[in-house]
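# Residue-level structural notes
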Amino acid sequence: MRSTTLDAPTLEKLISAAVAAPSIHNTQPGAAASTRTLSPWRSAPDHGLRHIDPTGRALHLSVGCALLNLRVAVAHFGWEPVSRLLPRPDEPDLLAAVRFGGTAGASSSPRLYDAVWRRHSSRFPFSERPLPAAVLTELAEAAHSEGALLSRPAPRETDRLLQLTAEAERRNTADADRAGESRLWVRDPNHSDLGVPPEALGPHDSREQVPMRDFGAQRHPAVPASRPFEKRPSIAVLSTQHDTRADWLRAGQALERVLLTATAHGLRASLLHQALEWPDLREQLVPWPSDRRDHAQMVIHLGYGPQGPSSPRRGASRTLTEGARSVPR
């Protein structure tokens, strides 16, 4: 589909695509304020997680995911997306901006645009069906195209990563501030378009191998408390060579390109973020090669399985209204 003018319906579709991106605890931190040529993405402090994400790293990843969706949608409607990260040093809350460039050719990734609307996290057990090597290669290429590395550890290394995640989950549960903050974001979708609905939390792994986030155990009564997850879970680690704010935004774009590519291939995914919330555990997620030290940005659980319930999203009109209020006059 192509368009020559940025009319209101097209603008709403673009913003809806960006809002459809994943964000930690479905906080949806990206607030957009758009004109015909510019769509700045700003951090929203009231949507942050002060205890779980004190540095704002996860917030930047979330905005990066939204930025990738916006780029895919802009290309779908026939423009060349021209993005800038941290474009104004005097406005640190302005994380990214997208300019609508000249008319582009037909979108080279129609599958990704379709996947924008179908992708959401599934916190339910996956099957034992192995992931095809060709698909894993495509996922790695998707991350590389955005300046990140996607590695799939061997079984023994996978066990170690899951143990680190389990240790982080134990710490999160024991930490009253972090546990309370997670509970605040478990919300009934009838009363909020932010947060995670109880039915989307999924069960715990009865094998105690894949440590899903507890969220204060506020799971929906219709969801079993525990079920066996796969014996050999497929885990991937997304990392970057550097660890600046711009790298976090690039990692978010790489993460979303990986997730959209996985969705296009019928894969489900959930994000195991717990170990990234503790600096000492995060450092252990990526081994130190002899020639470089990478920085882990996300642990991804991939597989074939149920789609799982989706989490609510803010409407485009509300997003645009909030974004307009954040732009200096």
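As shown above, the structure is provided for reference.
As a starting point, this report considers the structure included with it. Source: prediction; values computed, not measured.

Attention now moves to helix α6 (residues 176-184). Along α6, the residues classified as buried are Arg-178, Ala-179, Gly-180, Glu-181 and Ser-182. Against α5 (155-174) lie the buried residues of α6. Where α6 begins, the capping side chain belongs to Asp-175, and its oxygen is found 3.0 Å from the backbone nitrogen of Asp-177.

In this section: the pattern of salt bridges. Tallied over the full model, the rule gives 16 salt bridges. Of the charged contacts in the structure, one is a salt bridge between Asp-114 and Arg-118, with a shortest N-O distance of 2.8 Å. Taken together, the residues Asp-114 and Arg-118, both in helix α3 (residues 110-118) and four residues apart, mark about one turn of the helix. According to the relative accessible area criterion, Asp-114 is partly exposed, its value standing at 39%. In this structure Arg-118 comes out as partly exposed when scored by relative accessible area, which is 34%. Connected through salt bridges with shared partners, the residues Glu-167, Arg-170, Arg-171 and Asp-280 form a single ionic network.

Further remarks concern the side chain of Arg-314. On the secondary structure map, Arg-314 appears in the loop between β10 (295-303) and α9 (316-326). Within the structure, Arg-314 has its side chain in polar contact with the backbone oxygen of Gln-28 (distance 3.0 Å).

The next subject is the sheet that holds strand β8 (residues 234-240). An order of β5-β8-β10-β9 is seen for the four strands of this open sheet, with the pairing classed as antiparallel. The open sheet has two edge strands, β5 (149-151) and β9 (268-271), and neither has a second partner. With strand direction ignored, the average angle separating the axes of adjacent strands in the sheet is 30 degrees. Bridging between β5 and β8 involves three bridges; their strand directions are antiparallel. The residue bridging Ser-151 from the neighbouring strand is Val-237, located in β8. Those strands touched by helix α4 (residues 133-145) are β5, β8 and β10, and its axis lies near 155 degrees from that of β5.

Taken as a whole, this structure holds three aromatic pairs when the rule is applied. Relative to Trp-117, the ring of Tyr-113 lies with its centre 5.8 Å away and its plane at 80 degrees, an arrangement referred to as edge-to-face. With Tyr-113 and Trp-117 both in helix α3 and four residues apart, the pair spans about one turn of that helix. Accessibility expressed as a relative area gives 11% for Tyr-113, which makes it buried.

For the rest of this paragraph, the subject is the nonpolar core. With 75 residues, the main nonpolar core has Leu-14, Leu-139, Leu-150, Leu-238, Leu-285, Ile-300 and Leu-302 as its most contacted residues. When residues in this core are grouped by element, the largest group, eleven residues, is from helix α2 (residues 57-76). For Ile-300, the residues in contact, after removing those within four places along its chain, are Leu-150, Ser-234, Ile-235, Ala-236, Leu-255, Val-258, Leu-259, Ala-269, Ser-270 and Leu-271. Of all hydrophobic cores here, the second largest spans six residues; its members include Ile-24, Leu-49, Ile-52 and Trp-185.

Right, let's get into the packing of helix α1 (residues 8-19) against α2. Packing of α1 against α2 brings their axes to within 7 Å, and their N-to-C directions diverge by 145 degrees. Regarding α1 and α2, the two cross each other, and that crossing is right-handed. Counting all contacts with α1, which are made through Leu-14, Ala-17 and Ala-18, the residues of α2 involved are Ala-66, Asn-69, Leu-70, Ala-73 and Val-74. Split by residue class, the contact of α1 with α2 holds seven nonpolar, one polar and no charged.

Cut-off values and rules
Residues numbered from 1 in each chain as written. Predicted model: local features only at pLDDT ≥ 70, side-chain atom pairs only at ≥ 80, totals over all residues. Heavy atoms only, no water. Buried < 20%, exposed > 50% of the residue type's maximum accessible area, 1.4 Å probe, protein only. Helix = DSSP H or I, 4+ residues; strand = E, 2+ residues; numbered from the N terminus. Contact = heavy atoms within 4.5 Å. Polar contact = N/O pair within 3.5 Å; in protein donor to acceptor, adjacent residues only side chain to side chain. Salt bridge = Lys/Arg side-chain N within 4 Å of Asp/Glu carboxyl O. Pairing = 2+ DSSP bridges. Axes fitted to C-alpha atoms, helices over the stretch in contact; angles between N-to-C directions. Phe/Tyr/Trp six-rings, centres within 6.5 Å; stacked < 30°, edge-to-face > 60°. Core = buried A, V, L, I, M, F, W, Y, C linked by side-chain atoms within 4.5 Å. Left-handed = near helix turned anticlockwise from the far one by under 90°. Nonpolar A, V, L, I, M, F, W, Y, C, P; charged D, E, K, R; others polar.

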